[in-house]
Amino acid sequence: GHLPLWVAGLCNVLLMYPVFHVAHDATHGAASSNITLNDWMGRIALLMIAPQVSLSTFRYSHMVHHRFTNGPKDPDHYVHGPWWSIVLRWMTFDLSYAFYSLRSGNPRGIKTLKDTIPLAVSTLVAIGLLTYLGYGLAVVMLWLIPARITTALIGFVFLWLPHLNGDEHGRLQQVNTDESATYNLTAGTTVRMGHEPLMDVLMQWHNYHLIHHLWPTTPSYNHRKVWRLMEGELRSRDLQIQHGFALIPKF
């Protein structure tokens, strides 16, 4: 009772957002070299943000994104769309991953839903029980709204922003050609140059998103180190570079 609910909710966003990079790294086996510890770190981190989705479901859809980056089969196409729906798409991309696994028809993707369905049911039961006990407003203000805001930030920073391009008129568009990632590995996503100390924090080191796509088992906090190590080699190739706070990258 010492803080207004909306202030406490924003504090929860500030705590949830950096936890995501732990879940994301765990998806790639980069949180720990011990597989069991790595996966439990991922499950606990994801439980704090999206308890209704299992690590296995998130991992499956995210690996498809890496396999078909910007191609027709990329599940992250969901976060790109008309301007009037874009924020809603960012806020619900975690749910889209579950639906992607179901629609994919791939037995591996469908199998992951066996982990997600009990979590989704448990989440709904928890919300219902807490609301019945009189904590409905707290559930909305401290859990549901902060979780959606956090998911929107993740969708914006990790899924949408590094996969932008500009058309011939300088208008925003997704990097939407399958060839850019399949046949030209360094052009499939972007590197953001400038304001590194600030961007490292705000983007959880995914201002070097290209490094993540080239070496996805690298822990996020080492992205800038890898960039420094490989900069000479990478600059001799095709790069999509976003300078400062720019949205449209320079090729």
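As the structure is a prediction and not an experimental result, all values here were calculated from the model.

Reading the values: the criteria
Residues numbered from 1 in each chain as written. Predicted model: local features only at pLDDT ≥ 70, side-chain atom pairs only at ≥ 80, totals over all residues. Heavy atoms only, no water. Salt bridge = Lys/Arg side-chain N within 4 Å of Asp/Glu carboxyl O. Helix = DSSP H or I, 4+ residues; strand = E, 2+ residues; numbered from the N terminus. Buried < 20%, exposed > 50% of the residue type's maximum accessible area, 1.4 Å probe, protein only. Core = buried A, V, L, I, M, F, W, Y, C linked by side-chain atoms within 4.5 Å. Contact = heavy atoms within 4.5 Å. Axes fitted to C-alpha atoms, helices over the stretch in contact; angles between N-to-C directions. Parallel < 35°, antiparallel > 145°, perpendicular 65-115°, else oblique. Nonpolar A, V, L, I, M, F, W, Y, C, P; charged D, E, K, R; others polar. Expected span 1.5 Å × (residues − 1). Bend = angle between axes of the 7 residues up to and from the residue. Patch = residues over 30% accessible without salt bridge, like charges linked within 9 Å, V, L, I, M, F, W, Y side chains within 5 Å. Areas by Shrake-Rupley, 256 points an atom, 1.4 Å probe, with all protein chains shown as cover. Polar contact = N/O pair within 3.5 Å; in protein donor to acceptor, adjacent residues only side chain to side chain. Pairing = 2+ DSSP bridges. Phe/Tyr/Trp six-rings, centres within 6.5 Å; stacked < 30°, edge-to-face > 60°. Lys NZ or Arg CZ within 6 Å of the ring centre and 35° of its normal.

**Student:** Now, about the pattern of salt bridges: what can you tell me, with residues and values included?
**Tutor:** One pass over the structure, following the stated rule, counts 5 salt bridges. Two residues, Arg235 and Glu231, come together in a salt bridge whose shortest N-O distance is 2.8 Å. Here Arg235 and its partner Glu231 are both found in helix H10 (residues 223–235), 4 residues apart, which amounts to about one turn of the helix. The class for Arg235 is partly exposed, based on a relative accessible area of 44%.

**Student:** An account of the nonpolar core is needed here, citing residue identities and associated values.
**Tutor:** Most often, soluble globular proteins have nonpolar side chains that are buried together. Membership of the largest hydrophobic core comes to 24 residues, with the highest contact counts inside it found for Phe93, Ile154, Phe158 and Trp160. Those elements giving two or more residues to this core turn out to be helix H1 (5–27), helix H2 (35–49), helix H4 (86–91), helix H5 (93–103) and helix H6 (107–160). Per-element tally for this core: the top contributor is H6, with 6 residues. Apart from the residues within four sequence positions on either side, Phe93 is in contact with Phe58, Tyr78, Val79, Thr151, Ile154, Gly155 and Leu159. Judged by nonpolar contacts, the second largest core, of 10 residues, contains Met193, Val226, Leu239 and Ile241.

**Student:** Give a detailed account of the packing of H1 against helix H3 (residues 55–67), specifying residues and quantitative values.
**Tutor:** Packing of H1 against H3 brings their axes to within 10 Å, and their N-to-C directions diverge by 70°. The angle between H1 and H3 falls in the class roughly perpendicular. Of the residues in H3, those touching H1 at Phe20, Ala23, His24, Ala26 and Thr27 are Leu55, Phe58, Arg59, His62 and Met63. Across the contact of H1 with H3, the residue classes break down as 6 nonpolar, 3 polar and 1 charged.

**Student:** Describe H10, and please don't skip the residues or the numbers.
**Tutor:** Owing to its 3.6 residues per turn, the α-helix aligns residues three or four sequence positions apart on the same side. For H10, with 13 residues, the first-to-last C-alpha span of 16 Å runs short of the 18 Å given by 1.5 Å per residue. Bending of H10 peaks at approximately 55° at the position of Leu229.

**Student:** So what's going on with a nonpolar patch on the surface? Residues and values would help.
**Tutor:** Judged by side-chain polarity, Trp6, Leu10, Val140, Ile145, Ile149 and Leu153 come together as a nonpolar surface patch covering roughly 510 Å² of accessible area. Of all the secondary-structure elements, those providing two or more residues to the nonpolar patch are H1 and H6. Looking at which element gives the most residues to the nonpolar patch, the answer is H6, with 4 residues. Inspection of the secondary structure puts Trp6 in helix H1.

**Student:** Summarise the side chain of His65; cite the residues concerned and give the values.
**Tutor:** Relative to the helices and strands, His65 resides in helix H3. For His65, a relative accessible area of 2% corresponds to the buried category. A polar atom in the side chain of His65 sits 3.4 Å from the side chain of His213. For His65, the contacting residues outside a window of four places in its chain are Asp74, Pro75, Asp76, His163 and His213.

**Student:** An account of the pairing of strand E3 (residues 190–193) is needed here, citing residue identities and associated values.
**Tutor:** Along E3, one buried face is formed by Thr190 and Arg192 and the opposite face, lined by Val191 and Met193, is buried too. Bridge count for E3 against strand E4 (residues 240–243) is 4 bridges, and the pairing is parallel. Looking at the pairing, Arg192 lines up with Gln242 of E4.

**Student:** So, the packing of aromatic side chains: which residues are in play, and what are the values?
**Tutor:** Under the definition given, this model contains 10 aromatic pairs. Ring centres 6.0 Å apart and planes at 90° place the aromatic pair Phe20 and Phe58 in the edge-to-face group. Taken together, the positions of Phe20 in helix H1 and Phe58 in helix H3 put the pair 38 residues apart, joining distant regions of the chain. Taking the relative accessible area as the measure of exposure, Phe20 reaches 3% and is therefore buried. For Phe58, a relative accessible area of 5% translates into the label buried. Seen from their ring centres, Phe58 and Tyr97 are 5.4 Å apart, and the 40° between their planes marks the pair as tilted. With Phe58 in helix H3 and Tyr97 in helix H5, this residue pair connects regions lying 39 residues apart in the sequence. In this structure, Phe58 and Tyr97 share a single accessibility class: buried. Put simply, the rings of Tyr17, Phe20, Phe58, Phe93, Tyr97 and Phe158 pair up and form one aromatic cluster. When the ring centre of Tyr78 is taken as reference, the NZ or CZ atom of Arg89 above it lies at 5.6 Å.

All quantities given are derived from atomic positions and should not be read as evidence of function.
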